[in-house]
Amino acid sequence: MAMTTGTLNQYIQFVERIYRTGQGTVLSRLLSLRDEHVANRNLRSSDIATLVEGNCVAPLDEIIITHLLCVKALYMQDYMEAYNHQSACVASVVRLLQSQKEENWSLPLMYTVCLDLRLVAQKVEACNPQSNGKIMEKAAESLLACFRVCAADNRSSDYETKRLGMLNLVNQLLKVYFRINKLHLCKPLIRAIDSSPFKEQFPLAQQITYRYFVGRKAMFDSDYRAADEYLSFAFQNCHRKSNKNKRLILTYLVPVKMLLGFMPAKHLLQKYDLLQFWDLVSAVKNGDLRGIDRVMEEHESFFIQAGIYLMVEKLKITAYRNLFRKVYLAENTHQIDIASFQAALQLMGQDDVDSDETQCIVANLIYDGKIKGYISYQHKKVVVSKQNAFPPLSSLY
Amino acid sequence: MSSYFDYFCVNIYTNCAARNDIIHGTCNSMCPQSEQNLREKEGLVHILEVLGSERKLVKCYSRSAADSNMAVPNLLRPYNVLRDTVDYLLLDVTRRVDVPISSVYDFVNDRLRAVRQDMTIQRLPPEQCVNLLEPMIRFYVYFGYKLCEHPLSDYDPVLNKKYLLECIKWFLSCYESVQLWENNAKINEISSFLSNLEINNRYMKKLTCDRELMESLYILCNLGDVHPLYRYFNLPKDIKSNSTVQLSYKIAIAHLKGNYARVCSMLDALCPLTYFAVSVYLPTIQRNALRVMSHAYNSRQLAVPTAVLRQWLWFPSDADVITVCEHYGLQAEGATVRFSKADFKTEVATHEPKKLLLHEETLKMDLENIFTYKIQK
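Residues numbered from 1 in each chain as written. Chains lettered and ligands numbered in written order. Predicted model: local features only at pLDDT ≥ 70, side-chain atom pairs only at ≥ 80, totals over all residues. Heavy atoms only, no water.

Observations concerning the overall build of chain B
Then, number 1: For chain B, the helix and strand inventory stands at 18 helices and five strands.
Then, number 2: Expressed as a percentage of its 377 residues, the buried residues of chain B come to 53%.
Then, number 3: When contacts within chain B are restricted to residue pairs at least 6 apart in sequence, those whose partners lie at least 24 apart make up 76%.
Then, number 4: In the structure as shown, chain B presents an accessible area of about 17,400 Å², 54% of it carried by carbon and sulfur atoms. (Helix = DSSP H or I, 4+ residues; strand = E, 2+ residues; numbered from the N terminus. Buried < 20%, exposed > 50% of the residue type's maximum accessible area, 1.4 Å probe, protein only. Contact = heavy atoms within 4.5 Å. Areas by Shrake-Rupley, 256 points an atom, 1.4 Å probe, with all protein chains shown as cover.)

If you want it as structure tokens, here you go:
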């Protein structure tokens, strides 16, 4: 049947038949805001509620009414109104899920209405900047209601439990929390997934999304090893044709890897249009602190928006190590004057660094294991180990 | 965090629903009549509420419980009364010297909590909240420093930090409602115009609202934490370029990189409140520095002069250097400290902060000034 031309009655009957036969995926398309039936004028009747009511089984009638009202509001470009209807639609789906014991065929419907809710909320936010994430936050509450139903379904058997829907919802919620910058709310969600017995069974695509966000969260919390693990998984498993997603993952994976001592190759950065990092790579390699400052200034908004500005700042420590290694190689001795290091720093534009601060920088590098040796305050010298005085960074983590 | 959280939830709600169910307080004194009667009768008047023959009661904090209805207009004080209450508590009560300073702190803290409770219940708009919260933040920062040497039975630094963060986060979240803020510029103008008109102004100095100072304090009160820095990146340009905010950011970045030498060299330039905020954090900076140095200067023969450590790590005296080094298991002999990574005890608790009176004298700050000064724009 052509969903783009049928009458409202035909649509209702069709949805009902699909519902009765338990075809979750088809049902989800019939109630999606992104399906072609949305273009059907007949479904935008003036009095949707009375036409549907009594014409269809509960609680499906409410879902259809709210869905069609949302479609109508979208055509009127009244996004706030559309949001309210879609929010009611999600609430009806929650009631539907609660009434369905020991079955999970309707999970695709839940995914669809939740995704649509988030998209409508995003639209409202884009049209009303002063709302400042409040609508997204309300959308998150609706998603959490779904999440609770799924997480609480622990009596059904493993293949018909609604707990299999948790990761999809968690990914949606993570997207919302990252967008409205409320990262502290992610923790309980991450815990719920990490302790789930289905952790490895979720679809690969969902796992990739999940690790991408958890990796970014670890990055914000300065846990770079965990970030590396999650983001690497996401990058390696990401579909090789989804360049946009790969670029997104690399935006975070590259600086994480750099902090851990692995510098990216130029052709990789070129391939994914991330050459902003290339100048940074060469500056860090050469211990060129002035160069790092220049790159930070030039790409400030990119680094800040991606939330990696602080990591770039921390890369200066790696640059100090590389600079001091050059001094060590040039002087060709195991006892290097603090003054030589200080002179190198000044050469690189760090004019305000005195002898005390130079010692402090070296002290931190020794403490981190990046230089093997010790400082003699009396002689104002750094005495480095005869073997492997500057161990490769990648060997430290 | 509770009242901040309540406020936040309420705010989401009110922004969407009509604001017609808001309670407006009608209590025009600092303490509701019913509470005054009760406390007079039961002998619950605090010594700081007795002024010679006169009594000046201020509403106490009481936990909200399921059986008590706190949303009663005649128990709640409207904005202007709350404002006077905060003025009175900070500019008058804190000057009392006949009572131990820790009791003054307990009293004012309790009454300020009651103020915040009234703010929450009445859902005061953000432009009013900031004016009440700003002086409270100063109070918690100042007393956090002033009382840092007191025993735990007198003063609890953890609770103080909790209240401080509650106020500061609430304050900053008020500024996040961008649109409200444009209106606020006008509100500030009007209110300063009105306060200039006030003839019988009780105080020579008025409490102010200094956002730049608060942004700086937020960074410095959370030195080990990266989240204030993420906030800093997204601040409006004019605030980001303020010299105090910049200095605070630089200190936090140096601290992030473990650069204790740079952190300590910048402390001199701080204004009093930002200095107080860092000084309670100083023991942690010193501890981390000594741990790093015990690896870097690790040697059986060599040592570092105490005078150098005093200067590097902002210790008040050589004797303090020795006490603290010994606290962490390092050997201090005469005028030098011997560093050894095996000696450094990582398991001992961080040493207690000390008031650096020498520096305080150079600040020449009286109490009134602490609560009212503005930083350079």
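A few points about the overall build of chain A
Then, number 1: A count of helices and strands for chain A gives 19 helices and three strands.
Then, number 2: For chain A, whose C-alpha radius of gyration is 28 Å, the value lies well above the compact-globule estimate of 21 Å for 397 residues.
Then, number 3: Along the first, second and third principal axes, the C-alpha atoms of chain A reach 95 × 45 × 35 Å.
Then, number 4: In chain A, the share of contacts with a sequence separation of at least 24, taken over all contacts with a separation of at least 6, comes to 61%.
Then, number 5: When the accessible surface of chain A is totalled, it reaches about 18,000 Å², and 48% of it is carbon and sulfur.
Then, number 6: When the 48 positive and 40 negative side-chain charges of chain A are each reduced to one mean point, those points stand 5 Å apart. (Rg over C-alpha atoms; globule rule 2.2 N^0.38 Å. Lys, Arg positive; Asp, Glu negative; His and termini not counted. Charge placed at Lys NZ, Arg CZ, Asp CG, Glu CD.)

Remarks on the domain arrangement of chain A
Then, number 1: Domain assignment breaks chain A into domain 1 (1-199) and domain 2 (282-395).
Then, number 2: Placing the centre of domain 1 of chain A and that of domain 2 of chain A at their C-alpha centroids yields a distance of 54 Å. (Domains from an automatic or database assignment.)

Quick word on the interface of chain B and chain A
Then, number 1: With 36 residues of chain B at the interface, the matching set in chain A holds 35 residues.
Then, number 2: When residues of chain B are sorted by the area they lose upon contact with chain A, Tyr 230, Lys 257 and Leu 302 of chain B head the list and together hold 18% of the total.
Then, number 3: Our count for the chain B to chain A interface comes out at three salt bridges.
Then, number 4: Here Glu 313 of chain A ties to Lys 257 of chain B by a salt bridge, and the two come within 2.8 Å at their closest N and O atoms. (Buried area = accessible area lost by both parts, 1.4 Å probe. Salt bridge = Lys/Arg side-chain N within 4 Å of Asp/Glu carboxyl O.)

Comments concerning the confidence of the model for chain B
Residue and element names in this part refer to chain B.
Then, number 1: Residues at a pLDDT of 70 or more form 84% of chain B, whose mean pLDDT is 84.
Then, number 2: Per-element averaging of pLDDT across chain B places helix 1 (residues 2-16) at the bottom with 48 and helix 11 (residues 243-256) at the top with 95.
Then, number 3: The model gives residues 1-5 a pLDDT under 50, and that stretch makes 12 contacts with residues more than four places away or in other chains.
Then, number 4: Low pLDDT (under 50) marks residues 196-204, which in the prediction has nine contacts with non-local residues, meaning those over four places away or in another chain. (pLDDT = per-residue confidence, 0-100.)

Some thoughts on the packing of helix 5 (residues 79-99) of chain A against helix 6 (residues 107-127) of chain A
All names here are of chain A.
Then, number 1: Running from N to C, helix 5 and helix 6 point in directions that differ by 160 degrees, and their axes come no closer than 9 Å. Taken together, helix 5 and helix 6 sit at an angle that is classed as roughly antiparallel. The hand of the helix 5/helix 6 crossing is left-handed. In this structure, helix 5 contributes Tyr 79, Met 80, Ala 82, Tyr 83, Gln 86, Ser 87, Cys 89, Val 90, Val 93, Leu 96 and Leu 97 to the contact, and helix 6 contributes Leu 109, Met 110, Val 113, Cys 114, Asp 116, Leu 117, Val 120, Ala 121, Lys 123, Val 124 and Cys 127.
Then, number 2: Among the residues forming the contact of helix 5 with helix 6, the class breakdown is 18 nonpolar, two polar and two charged. (Axes fitted to C-alpha atoms, helices over the stretch in contact; angles between N-to-C directions. Parallel < 35°, antiparallel > 145°, perpendicular 65-115°, else oblique. Left-handed = near helix turned anticlockwise from the far one by under 90°. Nonpolar A, V, L, I, M, F, W, Y, C, P; charged D, E, K, R; others polar.)

A few points about the state of the cysteines
All names here are of chain B.
Then, number 1: Applying the stated criterion across every chain, the model contains zero disulfides over all chains.
Then, number 2: Take Cys 60: it sits in no disulfide, and the sulfur closest to it among the cysteines is that of Cys 31, at 6.8 Å.
Then, number 3: Unpaired in this structure, Cys 148 has its nearest cysteine sulfur neighbour in Cys 221, at a distance of 14 Å. (Disulfide = S-S within 2.5 Å.)

Section: the packing of aromatic side chains
Then, number 1: Overall, the coordinates contain 35 aromatic pairs over all chains when judged by the stated rule.
Then, number 2: Aromatic pair Phe 178 of chain A and Phe 213 of chain A: ring centres 5.1 Å apart, planes at 50 degrees, arrangement tilted. With Phe 178 of chain A in helix 8 (residues 166-179) and Phe 213 of chain A in helix 10 (residues 204-220), the pair connects residues that are 35 residues apart, well separated along the chain.
Then, number 3: By relative accessible area, Phe 178 of chain A is classed as buried at 12%.
Then, number 4: Following the ring pairs from residue to residue traces out a cluster consisting of Tyr 105, Phe 139, Tyr 140, Tyr 142, Phe 143, Tyr 145, Tyr 155, Tyr 163, Tyr 275, Phe 276, Trp 314 and Phe 371 of chain B.
Then, number 5: Here Arg 44 of chain A stacks its cationic end above the ring of Tyr 75 of chain A, 3.5 Å away from the centre of that ring. (Phe/Tyr/Trp six-rings, centres within 6.5 Å; stacked < 30°, edge-to-face > 60°. Lys NZ or Arg CZ within 6 Å of the ring centre and 35° of its normal.)

Some details on the nonpolar core
Then, number 1: With 252 residues, the main nonpolar core has Tyr 11, Ile 64, Leu 280 and Phe 324 of chain A together with Met 119, Tyr 260 and Tyr 297 of chain B as its most contacted residues.
Then, number 2: If we ignore the near neighbours within four places in the chain, the residues touching Ile 64 of chain A are Tyr 11, Ile 12, Val 15, Leu 31, Val 52 and Cys 56 of chain A. (Core = buried A, V, L, I, M, F, W, Y, C linked by side-chain atoms within 4.5 Å.)

Some words on the environment of Met 70 of chain B
Residue and element names in this part refer to chain B.
Then, number 1: Counting through the fold element by element, Met 70 comes out in the loop between strand 2 (54-55) and helix 3 (79-91).
Then, number 2: Residue Met 70 is classed as buried on the basis of its relative accessible area of 19%.
Then, number 3: The spacing of Met 70 and Cys 264 is 194 residues in sequence and 48 Å in space, taken between C-alpha atoms.

A word on the pattern of salt bridges
Then, number 1: Counting across every chain of the model gives 30 salt bridges over all chains.
Then, number 2: Here Arg 34 of chain A ties to Asp 116 of chain A by a salt bridge, and the two come within 2.7 Å at their closest N and O atoms. Here Asp 116 of chain A lies in helix 6 and Arg 34 of chain A lies in the loop between helix 2 (24-30) and helix 3 (48-52), a separation of 82 residues in the sequence.
Then, number 3: Note on Asp 116 of chain A: relative accessible area 1%, which makes it buried.
Then, number 4: One salt-bridge network, in which partners are shared between bridges, spans Glu 35, Arg 39, Glu 49, Asp 110 and Arg 111 of chain B.

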